[in-house]
Amino acid sequence: MIDHILTLLIFFPALAAMLGFVVTKDSMRAYGIAVSFIEFVLSLWLWYAYDPMVSGMQFMESMPLIPAFGINYLLGVDGISLFIIILSTFFTMIGIASLTEKRHLKNLIITLLFLEMTMVGVFAALDAIVFYVFWELSLVPMLYIIGAWGGPLRIYASIKFFLYTFTGSLIMLVGMLFMAYFYNQATGMWSFSILEWYRLILPENFQLWLFAAFFIGFAIKVPMFPFHTWLPYAHGQAPTIGSVILAAILLKMGTYAFVRFSLPMFPDASVYFMFPIAIIAIIMIIYTAMVAYAQEDIKQVVAYSSVSHMGVIILGTFALNVEGVSGSVFLMLAHGVVSGALFLLVGVIYDRRHTKMMSEFGGIASVMPRYATIFGIMMMASVGLPLTINFVGEFLSLLGFYKQSHMITLTAGVAIIVGAIYMLSAYKKMFFGTVTNEANRNLKDVNRTELLGLIPLVIVAIWLGVYPKPVLGPINNSVESIIQLMHDKAQSPEAKERIPNLSDSSKIISMQEAH
Amino acid sequence: MLEPIHVSLASLNLATLAPMLIAIVGALVILVIDMAKGGLHKSLYVMLSLLFLLLDLGSLIDFAGLFLKNGTILGFFDVMLMDGLAILAQIIIVVGSMLFIPLALTSKRFHEYNYPEYFALFLFMISGFQFMVATDNLILIFIGLETASLALYTLIALHNRAKSFEAAVKYFTMGALAAGFFAFGSMIFYAISGSVEINQIATVLAEDHYSNIGYILIAVTFMIAAIGFKISMVPFHTWTPDVYEGSSAALAGYMSIVPKIAGFVVAMRLFEFLVHSGVAWLQVILYIGVVITMTAANVWALVQSDVKRMLAYSSISHAGFVMAAILIGTTQANTGLFLYWALFSFTNLGAFTMLWVNRQKNLLPGQSSDHPYEKFSGMVKTMPMGAVMMGLFMLSLAGIPPFGLFWGKLYMIGSAVSAGYTGLALIMALNSAIAGYYYLKLIVFMFMKEPMVGYEKMYFMNASLSLKTIIGIAVVGTIFAVFAVNPLLKVITLFVYNSGY
Amino acid sequence: MEITLTHYLVLSSILFAIGLIGIMRRKNLLMLFFATEILLNATNIGFAAISHYIGDLSGQMFAFFIIAIAASEVAIGLGLLIVWYKRTGKIDLDQMNSMRG
Amino acid sequence: MFEAIAFYLFAVLTIVMFTITVMTSQALYAITAMAAGMIFISAFFFILGADFLGAIQIIVYTGAVMALYAFGMMFFDTTRNVVEKKVNPQIVFVLGVLAAVMVVAIFVAPIISDNIQALYPIDPTIGNSQAVGMVLFTKYLVPFELAAVMLLVAMIGGIIMAGKKMDKSLTLMAEEEIGMMDDSYRAEEGGH
Amino acid sequence: MELYLYIALFAPLVGSLFSALFGMSPKTNITGYIASGLLFTSFLSSLVLLNYVLGGHTVHVELMTWMATGDLYIPFGFVVDQVSVVMMMVVTIVSTVVHVYSVGYMDHDKGFNRFFSWLSAFVFSMMVLVMSDNFAGLFIGWEGVGLCSWGLIGFWYHKESATWAANEAFIMNRIADLGMLIGIFMIYWNVGSLQYDVVFAEIGNLPLVITTWIGIFLFIGAMGKSAQFPLHTWLADAMEGPTPVSALIHAATMVTAGVYLVVRANPIYDLIPNVGIFIASLGAFVALFAASMALVNRDMKRIIAYSTLSQLGYMFVAAGLGAYWVALFHLMAHAFFKALLFLGAGNVMHAMHDELDPFKMGGLRKVMKGTFIMMTLASVALAGIYPFAGFFSKDLILEVGFVEHHYIIYTVLLLTAGLTAFYSFRLVALIFHGEERYKLFGIHPHEAYKFMLVAMSPLLVLAIIAGSFKMTYYQLVTNLLPSTVYHVHNEVTFWIMTIGTQLFVISAILFAYKKYSNWNSVPDGTSKMENSFGYKLLWNQYYIPKFYEEVFSKPYLELSKIAWKQIDLKIVDATVDMIANAIYKTGENTRDIQNGNLSTMLRWMVFGLVVLLALAVAFTVGYNAVSA
């Protein structure tokens, strides 16, 4: 069974969703929780069975799908994808457990389970086409979730979300086909296997074009400035569960893909584009933080803050050294946990008041102290306070990029300031002061169902902030192999120089292990 | 004085006529039965048609085996040409027809199915298409085309309402013009090569090193206009939406598949040798044509308020997409064309069948067409399975993996990439994105809006077991296409490659 | 003055153009059908001429089949017109605009 | 010389006739002019030695097609002046003339080819009809048969569309109405 | 010893978590007791450790790995050495006192439990800050105290001003933290480690430029925490928090973290004397600058806050000039008397029902004898009168300035000493002497709980006698810090300086007493002095808060709004929508091509044909031209 655990992980929720059509409406919730819990346990088992010392792919599965065109059903996880998969299953579980939606709950849960399949699929796929299949397929349930359970502008938002990302990924698809074609030119075989592609050393100008093609697909998904405008709409209109999954997992697909595709496949292009992308990242960080500051709707604040944080992730990714990339991968998880939690929290208040405008609130801290506390913890995590999960990622990402550029890191570091500004001011508007709005006077504090979702997140947010090693270790090993691969593949002298050669520094690693 | 001509029967290879003859015989049998005893129920004719089509398919599969063994089979003074393209196209034609004909078994009664002649004409039409693809003789192509077209006009009109007459007349008139173009184009080809057989024309032109370039271009121009009409290339597409709207949904779905594949095969035979010989003009023209057809049709589909018209424009766009194969002209591209069309048949027929099952006899109040988007609003609440299936077809048409059409698109764009048409590949990709909008629009109506009061019973009102079966087949074909792609790809590549394309 | 193939081809294309004009110009469907006949006839002249000048029979064959096609088209076309006329009482194509866009 | 005169004469005649067909507002003129044009065309066929074709032209066109059209005209009551609303007539002529000019522009260049071979050469020793027959029933047997099918299709199509059954549209009738109609049919048939 | 270390470190955390358990429930005294008790435990452990360290040992433990990736390795490592143990003592003593005090002070507050949770959490963060053995750990504590400071300043979150001040403090600190973070990055990429021992061992091998930058960036961090100009405004505003908080955080411990950082990083700053001079100059400037603002202020707590700021300036002078042990010494002494002063002010506030304007008090010494004595003594210590603690430490700093030949700094500091004395006693005089002006406002003041006064007494004692530990202290810390002795060798000069300073200070005190001890009215803004330019300048804090408001806060908000409404919505998003709309509009506008009229359709076909023909002819002509 362990040989096919990834297949199991991917298709178990889908199968369960199919069977879910039979389950009656009343018991659907329990069914959803049970399924997602089993799935989560399975993913934990994956972690348990994962050998953290191995840097390469594990649990590889392979089955020919369209061998005539080099497409195979190829799965595997390494330290980078392992935890994002766990995050996906975790958040689906949390999301379903804390569902407060009443309308068409059955459809919603079935959709969520399908979504879970696509999410796990994206992160487990090692074949570009399989990856693409899940990548695109994930749009559909999300479209439905936003469009059917969303706010007043839901249709606009969902279509915008879908078409925008769809457009980007189609360009990416062309890039993939080119990659396969070049592989075919080089070897005479068709292959879409990512691992095979890793072996291909492309001339630099090809790399640049392909990088650009992939970049558009990924950048829209991340979303990177100036392709980010679908996100506020999607978040603003999506129901809580939609925002949670979107922020926690779907956005990670883009950044994950950078690490999985762009870096190892196009090392020279990555170096070439490092600074332009860093500039974009800075714009994302500062500009969107400012936009977040100007928001009147708390959910939009969180939405824009996502973009801002994704900027840091991008920056870390393009640090092109182990510290930065590990940091950015870790920050993906961190941001998933934190922004997911924040959206859940926003959902809590929305359920009670059916408004997300901050001006409607004020003084909530005295009415809902538990809520305010959890919100405060998550806000501080979002701001990147040490010993919370975000800090580890942010610190490492910025640290990593510092190696490449001092000035850019200094500018990007403004993230910790502007982040504090919008978050604290939003918190102040909502929670501090006196209760002026009568409607807020008798709000109920978070109930048990909600706590069920929130407490684990708080625990994770602090646990991994204090002791990130069990996660950071495997990530580090896999990232090291990627960086080494990049260094070995790099052709231009600049790339050779910018991407560290780890085999030289193996001494240092062993020295540290002596600690 | 006239010498007696000795022709050995064996050299005629009479068998090459078998598939078409089966269809014709079927038609005649139906006519005879009707004469013998009138007023029989349509189910008899449906099943008879199905049986003959099965026989037809059987003979084609037989040919497929022969082709793989012996290569291209010529017959009847080399008029008949059973190469890989012909066999593939005929299989698609026959399978498409087999999926279509059970749609006659609706629970509501429509005018056309009251005629046994309807089924006879249908089989005649199939034979016409089969002739059209199974020859490289322009004369036979022309007659095949006309046989099929004339039958088709009648089939459209038999739906018997003002719109279907309008559609038939429009189609007929424009078809007549296109026929004129075809004849004129053939004439010029004949003038410069002294032949009406495409391979002969190709040989002569090559030997002349394309010195009559002006003539060639004029001929090609007329041919593009004629075949472009058939496969609805912009600006020869104008009939498509109207005719689709006027015909019954089932026939519209059929028209979006079968006549076009015949058109594609003719286009492949006629244009690809020219493209390969570096007639730059043709490449440019086809490039422009393909891009405009894809894009403009997409853009127009965006603004439609009727699902059937939307699907009509979308099928134009798909045709444009596939036309790219003829421009690219590699084996991979041609393989892609057939793969795409095979996958497209299932999905598109499924989509049109979904329209067909909820066809009501009278227009909805306040609507001017049969299938306005509003009709589908909130369908997920009243008819969840139906909505899911329709949504599935839409997703497949939009090219969302892993549903059927995605693999076709993948392979087509892949072939564009392999042939160095980067710009084309990007345009194809972006067009898929534009197309996403209007497919989504229907999904939005079905899944995200509230049902209209009083319309709940519209769905599946016309459904019957056979219709549902067809939809089921289409759904299965759409979802599990991924498993069919590899074998299809292998077979098609073999056929196309061995036919020299 | 020798009459060459070119003469015939030019004649053929002039007639074809007349047919085109007719097709574009006519609103009365019946008379529009006349124009389609002109198109086919124009082509026929060309085929016959080419056939003559290169001494090959295929052209005549083509023309022969075109005549057959023309005849069949008339049958179907008139049939369509009849039902249309029965339904509307007109055969003016400006009346046919229930579908557009 | 004779050939030239004949060619020009008939060319002018055909062009004039067809122009009348296209331009006149009198349906009767139009059909008459077309019939005349068809006959003049057959003259070309005779000039070109395609006797069989010439005969067919006269028989089929002038005999059958024209007769059909004439019936049609009477049926549609178009013997009077046809009133046609003209929209943008300039476009029509510009397009038509352009098409002609451009085709002609190419056609004035002679065909350069050494490779045109007559696959089915015209044998001067035998008559045209015989030759045509030879080719038709060997090489072009399949098209010929298919043409027969086509004519059959056209015939069936024409008949059923003009038939009485088309007067009532089952497509537009409610199921109950159809049921009643079926009953009355059955009653009729039972009465026979 | 490790056990004691862990007890000292984690006892406050346990206290905090325990209190947090009851955070949402109504007041339970037990939280106060437990938290205070645990802090006392922490204090005792620190004492044990102090004893151990006095024996010449240090304790260095590594709890576990925090982050390890690539070449980076950061453990949770803690070190108790001569410097950190001093800080630990200061922190635990003051916080124990403040905890006990708070039990009384917060007696009637709804958020009693929450308060203790925050307060203990703060102590824990502070302990992490001082005990960490690497820069990353320091940063954890650094941010942790920032967080707790935020929570405590905004403790009364229903007050707009409090929450505003809390956010201001946090954000300003964050600005500085960025500098610190960059400093840490530089250290890592140049040294390869963040452990103090490794860094300090390697730092000498780095190019001077880099060392300089490291020093500058770290100091930027210190500037924020220690509220040095221009990041000083938050400190005065932070007085919105409960008074024990001001005593603990904004006087005794957190604000001195910057000084601690510079002291701790002395191997770095030793290499870059130029930066040191800058630090010293800035410190001197801040000392004077803050003192000047304290002169006219009418908010009791703000006056004390400015004095804190001013004293921090002193510390930075010492640290900047390389006299790290002196800085640390002043830090320690200052912690005691300043905390005392604040707690006293807290008593007064309680008595006066949260009235802060000393002009509205007067004559309180009659009802609040204990408080009166304590505050007076604390002020004396602050003023630096022999033999109170302040004298030893402050005088030493003056000497340092003199010995190092920075006479300007010396002069400034001397002047500041006088100002300090003046405003301190202005405050004392206004509060405790003169007419009982509070009666005008119908207030009936009362003395604080006994145990609160008892709790304060250790501080009082220390404020008086701390100076006597000077030699022990010196021997202790110079194990780690440069052991330069700053002494004016010329006996005459030394005595003139010392006595002169004392006289100057005393005269300032007397002047203050004379001027304010008989004050009898509440200023209403009409007097001539109040309308003078200088007064207004000082009253408005040199218009700096206003300047920040106008130049940074408001434009930032405006810019943010523009970014959102103009750029994001109207440009970025509108472009995307425009593309979509353009496509859609194209469809709308061209759909009439299909106008349903057969004639038009036919014309389109012919049109297509003609266009193709035209292209064909054009191509042919071109082709022939080329081939000809």
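Data block above holds the structure.
Residues numbered from 1 in each chain as written. Chains lettered and ligands numbered in written order. Predicted model: local features only at pLDDT ≥ 70, side-chain atom pairs only at ≥ 80, totals over all residues. Heavy atoms only, no water.

1. Comments concerning the overall build of chain C
Piece 1. Helix and strand content of chain C: three helices and zero strands.
Piece 2. In chain C, the succession of helices and strands from N to C terminus is α-α-α.
Piece 3. The C-alpha radius of gyration of chain C comes to 17 Å, more than 25% above the 13 Å expected for a compact globule of 101 residues.
Piece 4. Seen through its C-alpha atoms, chain C measures out along the principal axes to roughly 55 × 25 × 25 Å.
Piece 5. With 101 residues in all, chain C has 81% of them scored as buried. (Helix = DSSP H or I, 4+ residues; strand = E, 2+ residues; numbered from the N terminus. Rg over C-alpha atoms; globule rule 2.2 N^0.38 Å. Buried < 20%, exposed > 50% of the residue type's maximum accessible area, 1.4 Å probe, protein only.)

2. With respect to the overall build of chain B
Piece 1. The helix and strand tally for chain B stands at 21 helices and two strands.
Piece 2. Taking 2.2 N^0.38 as the reference for a compact globule, 501 residues should give roughly 23 Å; the C-alpha atoms of chain B span a radius of gyration of 22 Å, in line with that estimate.
Piece 3. Here the C-alpha coordinates of chain B stretch approximately 80 × 60 × 40 Å along the principal axes.
Piece 4. Expressed as a percentage of its 501 residues, the buried residues of chain B come to 75%.
Piece 5. The contacts of chain B with a sequence gap of at least 6 include a subset with a gap of at least 24, amounting to 81%.
Piece 6. A total accessible area of about 11,900 Å² is found for chain B, and carbon and sulfur atoms account for 70% of it.
Piece 7. Charge separation in chain B, taken as the distance between the mean sites of 23 positive and 22 negative side-chain charges, equals 16 Å. (Contact = heavy atoms within 4.5 Å. Areas by Shrake-Rupley, 256 points an atom, 1.4 Å probe, with all protein chains shown as cover. Lys, Arg positive; Asp, Glu negative; His and termini not counted. Charge placed at Lys NZ, Arg CZ, Asp CG, Glu CD.)

3. A look at the arrangement of the chains
Piece 1. Among eight pairs of chains with at least one contact, chains C and D form the most extensive contact set.
Piece 2. Chain C makes no contact with chain A, the minimum C-alpha separation between the two being 24 Å.

4. Some points on a nonpolar patch on the surface
All names here are of chain D.
Piece 1. Together, V12, V16, I20, L28 and Y29 make up a nonpolar patch on the protein surface, roughly 440 Å² of accessible area in all.
Piece 2. For the nonpolar patch, the secondary structure elements donating two or more residues are α1 (2-23) and α2 (27-47).
Piece 3. Per-element tally for the nonpolar patch: the top contributor is α1, with three residues.
Piece 4. Structurally, Y29 can be placed in helix α2. (Patch = residues over 30% accessible without salt bridge, like charges linked within 9 Å, V, L, I, M, F, W, Y side chains within 5 Å. Salt bridge = Lys/Arg side-chain N within 4 Å of Asp/Glu carboxyl O.)

5. What about empty space enclosed by the protein?
Leftover empty space is mapped by rolling, across the atoms, a probe with the size of a water molecule.
Residue and element names in this part refer to chain B.
Piece 1. Taken as a whole and assessed by the stated rule, the structure comprises ten cavities of 30 Å³ or more.
Piece 2. In this structure, the largest cavity spans a volume of roughly 70 Å³.
Piece 3. Together, M132, I141, L145, A178, A179, F182, A226, I227, K230, G263 and V266 line the largest cavity.
Piece 4. Broken down by secondary-structure element, the contributors of at least two residues to the lining of the largest cavity are α6 (138-157), α7 (162-193), α9 (213-230) and α12 (258-276).
Piece 5. Residue classes in the lining of the largest cavity are distributed as nine nonpolar, one polar and one charged. (1 Å grid on protein atoms, 1.4 Å probe; cavity = no way out; pocket = protein on both sides within 12 Å on 5 of 7 lines; lining within 4 Å. Points joined across faces, edges and corners; volume = space filled by probe spheres on them. Nonpolar A, V, L, I, M, F, W, Y, C, P; charged D, E, K, R; others polar.)

6. Observations regarding the layout of surface pockets
Piece 1. Here the second largest pocket is characterised by a volume of approximately 1,600 Å³.
Piece 2. If you trace the second largest pocket, you find 47 residues lining it, with A:M18, A:F114, A:M117, B:L392 and B:F403 closest to the centre.
Piece 3. Among the elements that line the lining of the second largest pocket, the one with the most residues is helix α4 (residues 105-124) of chain A, at eight residues.

7. Quick look at the interface of chain E and chain A
Piece 1. On the side of chain A, 72 residues touch chain E, which itself brings 55 residues to the contact.
Piece 2. Of the roughly 5,600 Å² buried where chain E meets chain A, counting both sides, 73% is carbon and sulfur surface.
Piece 3. Note that A:E296 and E:K565 form a salt bridge whose closest N and O atoms lie 3.7 Å from each other.
Piece 4. The interface formed by chain E and chain A contains 24 residue pairs in polar contact (both at pLDDT 80 or more).
Piece 5. Of all the elements in the fold, those that place two or more residues in the side of chain E that touches chain A are β1 (59-69), β2 (72-80), α5 (135-153), α6 (160-191) and α23 (544-590) of chain E.
Piece 6. Of the residues in the side of chain E that touches chain A, the class split is 37 nonpolar, seven polar and eleven charged. (Buried area = accessible area lost by both parts, 1.4 Å probe. Polar contact = N/O pair within 3.5 Å; in protein donor to acceptor, adjacent residues only side chain to side chain.)

8. Some remarks on the nonpolar core
Nonpolar side chains tend toward joint burial in soluble globular proteins.
Piece 1. Of all hydrophobic cores here, the largest spans 828 residues; its most connected members are A:F261, A:F395, B:F271, B:F338, B:W407, D:Y69 and E:F135.
Piece 2. By residue number, the principal contributor to this core is helix α15 (residues 324-351) of chain E, which donates 21 residues.
Piece 3. Beyond its immediate sequence surroundings of up to four residues, A:F395 is in contact with E:M67, E:L72, E:I74, E:L181, E:I184, E:F185 and E:L194. (Core = buried A, V, L, I, M, F, W, Y, C linked by side-chain atoms within 4.5 Å.)

9. Description of the interface of chain D and chain C
Piece 1. Taken together, the contact pairs 86 residues of chain D with 68 residues of chain C.
Piece 2. On the surface where chain D and chain C come into contact, there are one salt bridge.
Piece 3. C:K86 is the salt-bridge partner of D:D167, the closest N and O atoms lying 3.2 Å from each other.
Piece 4. For the interface between chain D and chain C, the tally reads 15 residue pairs in polar contact (both at pLDDT 80 or more).
Piece 5. Listing elements by their share of the side of chain D that touches chain C, those giving two or more residues are α1, α2, α3 (51-76), α4 (89-107), α5 (128-137) and α6 (141-162) of chain D.
Piece 6. Considered class by class, the residues forming the side of chain D that touches chain C number 65 nonpolar, 15 polar and six charged.

10. Observations regarding unusual backbone geometry
Piece 1. Of note, the bond from B:V234 into B:P235 is cis; its omega dihedral lies within 30 degrees of zero at 5°.
Piece 2. One non-glycine residue, E:Y543, adopts positive backbone phi at about 60°.
Piece 3. Structurally, E:Y543 is set in the loop between α22 (533-539) and α23.

11. Regarding the packing of aromatic side chains
The geometry of an aromatic ring pair is captured by the separation of the ring centres together with the interplanar angle, meaning the angle of the planes.
Piece 1. Evaluated as defined, the whole model comprises 149 aromatic pairs over all chains.
Piece 2. Here E:F359 and E:Y516 contribute two aromatic rings whose centre-to-centre distance is 6.4 Å and whose plane-to-plane angle is 70°, an arrangement assigned as edge-to-face. You can see E:F359 sitting in the loop between α15 and α16 (369-383) and its partner E:Y516 sitting in helix α21 (residues 491-516), a full 157 residues away along the chain.
Piece 3. Overall, the relative accessible area of 5% leaves E:Y516 in the buried class.
Piece 4. Seen from their ring centres, E:W604 and E:F607 are 5.2 Å apart, and the 85° between their planes marks the pair as edge-to-face. Highlighted residues: E:W604 and E:F607, both in helix α24 (residues 598-627), separated by three residues, approximately one helical turn.
Piece 5. Judged by its relative accessible area of 25%, E:W604 is partly exposed.
Piece 6. Owing to a relative accessible area of 37%, E:F607 belongs among the partly exposed residues under this scheme.
Piece 7. Through a chain of ring-to-ring contacts, three or more aromatic side chains come together here, namely A:F131, A:W135, A:F211, A:F214, A:F215, A:F218, A:F258, A:F261, A:F266, A:Y272, A:F273 and A:F318. (Phe/Tyr/Trp six-rings, centres within 6.5 Å; stacked < 30°, edge-to-face > 60°.)

12. Digging into the pairing of strand β1 (residues 58-66) of chain A
Residue and element names in this part refer to chain A.
Piece 1. Both β1 and strand β2 (residues 71-77) contribute to a ladder of six bridges, which runs antiparallel. Bridging across to β2, P64 finds its partner in N72.
Piece 2. Linking β1 to β2, which pair antiparallel, is a turn of four residues; within it G70 sits at a positive phi near 75°. (Pairing = 2+ DSSP bridges.)

13. Some points on the environment of B:K449
Piece 1. Along the chain, B:K449 falls in the loop between α19 (422-448) and α20 (465-479).
Piece 2. Given the relative accessible area of 29%, B:K449 is considered partly exposed.
Piece 3. Along the chain, B:K449 and B:I400 lie 49 residues apart, while their C-alpha atoms are 22 Å from each other.
Piece 4. Look past the residues within four positions of B:K449 in its chain and what remains in contact with it is A:I155, B:S377, B:G378, B:K381 and B:V444.

14. Section: α5(D)
Piece 1. Inspection of α5(D) places D:N128, D:A131, D:V132, D:V135 and D:L136 among the buried residues, and these make up the whole buried set. Considered in projection along α5(D), the buried side chains sweep an arc of 130° and stay on one side of the axis.
Piece 2. Contacts made by the buried residues of α5(D) are with α3 (58-88) of chain C together with α3 and α6 of chain D. (Arc of directions from axis to C-beta.)

15. Description of the environment of A:S328
All names here are of chain A.
Piece 1. Considering the arrangement of structural elements, one finds S328 in helix α15 (residues 322-353).
Piece 2. Exposure remark for S328: the relative accessible area of 0% places this residue in the buried category.
Piece 3. In the structure, S328 is positioned 92 residues away from G236 in sequence and 26 Å away in space, judged by C-alpha atoms.
Piece 4. Non-local contacts of S328, meaning those with residues more than four positions away in its chain, are made with I313, G316, T317 and S397.

16. Quick notes on the pattern of salt bridges
Piece 1. Per the stated rule, a full pass over the model turns up 32 salt bridges over all chains.
Piece 2. Here A:R370 makes a salt bridge to A:D445, at a shortest N to O gap of 4.0 Å. Of this pair, A:R370 sits in helix α17 (residues 369-383) while A:D445 sits in the loop between α19 (406-431) and α20 (448-466); the two residues are 75 residues apart in sequence, bridging distant segments of the chain.
Piece 3. Judged by its relative accessible area of 41%, A:R370 is partly exposed.
Piece 4. On the basis of relative accessible area, A:D445 is assigned to the buried category, the value being 17%.
Piece 5. Put simply, B:E197 and D:K139 hold a salt bridge, and the shortest N to O gap is 2.5 Å. Residue B:E197 is found in the loop between α7 and α8 (198-207), and its partner D:K139 is found in the loop between α5 and α6; the two belong to separate chains. By the burial criterion, B:E197 is buried, and D:K139 matches it.
Piece 6. One salt-bridge network, in which partners are shared between bridges, spans B:K163, B:E166, B:K170, B:D242, B:E245 and B:R309.

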